[in-house]
Amino acid sequence: KAHLDKITNELLNRDLSDTKVIACSSGDPFVGEYFKKFLYELEGSEHEGLKIQIMTNGVLFNKRAWEKMYKIHSQIEMVCISIDAATEETYGITRKGGSWKLLMENLQFLSLLRERGEIPFLRIDFVVQDHNYQEIPAFIKLGEKLKVDQVFFQKVANWGTFSQEEYEKRCIYSES
């Protein structure tokens, strides 16, 4: 913990001008205390040219989190919300423990921020797999309803999360 505190404090005190920060595809930035500290405490006005992209599952990215990031609003260039579903039923499979209702409320809020120009680019993401591929058209419609800039699809990858058998089942685009 002391080591992570040190790294976070060094980042907060470093000149990040002309830097791109992507927070984060290896875990939700609104869960980890160090990412939250970075997002909530960084003085964006002190870092000319700093650009921040936020990648999240969206469940904790609500009005309160947005308000806590007030120091970096002008540095946020893109927000990506990984959903992997177009219905609550499928979301319950692809995002175990998530709240569809809360996610939809937060997406409405983020859509409003995008509409007002406070977020320059809003994207929703969908990892295509056996549980959700039939919802691709409905996911596109969800993106249209939310007025996002982009609906992004990607292939499922095995980062050691699945057994080989489970991965092959999920990997519907594979010839096997």
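Here's a quick rundown of the structure. Here the structure is a predicted model, which means the values were calculated and not measured.

About the cut-offs
- Residues numbered from 1 in each chain as written.
- Predicted model: local features only at pLDDT ≥ 70, side-chain atom pairs only at ≥ 80, totals over all residues.
- Heavy atoms only, no water.
- Helix = DSSP H or I, 4+ residues; strand = E, 2+ residues; numbered from the N terminus.
- Expected span 1.5 Å × (residues − 1).
- Contact = heavy atoms within 4.5 Å.
- Core = buried A, V, L, I, M, F, W, Y, C linked by side-chain atoms within 4.5 Å.
- Buried < 20%, exposed > 50% of the residue type's maximum accessible area, 1.4 Å probe, protein only.

### Thoughts on helix H5 (residues 100–115)
In this model, H5 (16 residues) spans 22 Å end to end at C-alpha, consistent with the 22 Å of a helix rising 1.5 Å per residue. Elements that come into contact with the buried residues of H5 comprise helix H3 (63–68), strand S3 (76–82), helix H4 (88–94), strand S4 (122–128) and helix H6 (136–146). Looking one or two residues past H5, glycine 117 carries a phi angle of roughly 85°, positive in sign.

### Some details on the nonpolar core
Across soluble globular proteins, nonpolar side chains have a tendency to be buried as a group. Among the nonpolar cores identified, the biggest contains 39 residues, and Phe61, Met69, Ile81 and Ile83 are the most heavily contacted of them. Those elements that provide at least two residues to this core are helix H2 (33–41), strand S2 (51–56), H3, S3, H5, S4 and H6. Examining the composition of this core, we find that 7 residues originate from one element, H5, more than from any other. If near-sequence neighbours (up to four positions away) are discounted, methionine 69 is found in contact with Phe30, Leu39, Tyr40, Ile54, Phe61 and Ile76. Counting 5 residues, the second largest nonpolar core, distinct from the first, contains Val127, Val156, Phe162 and Tyr167.

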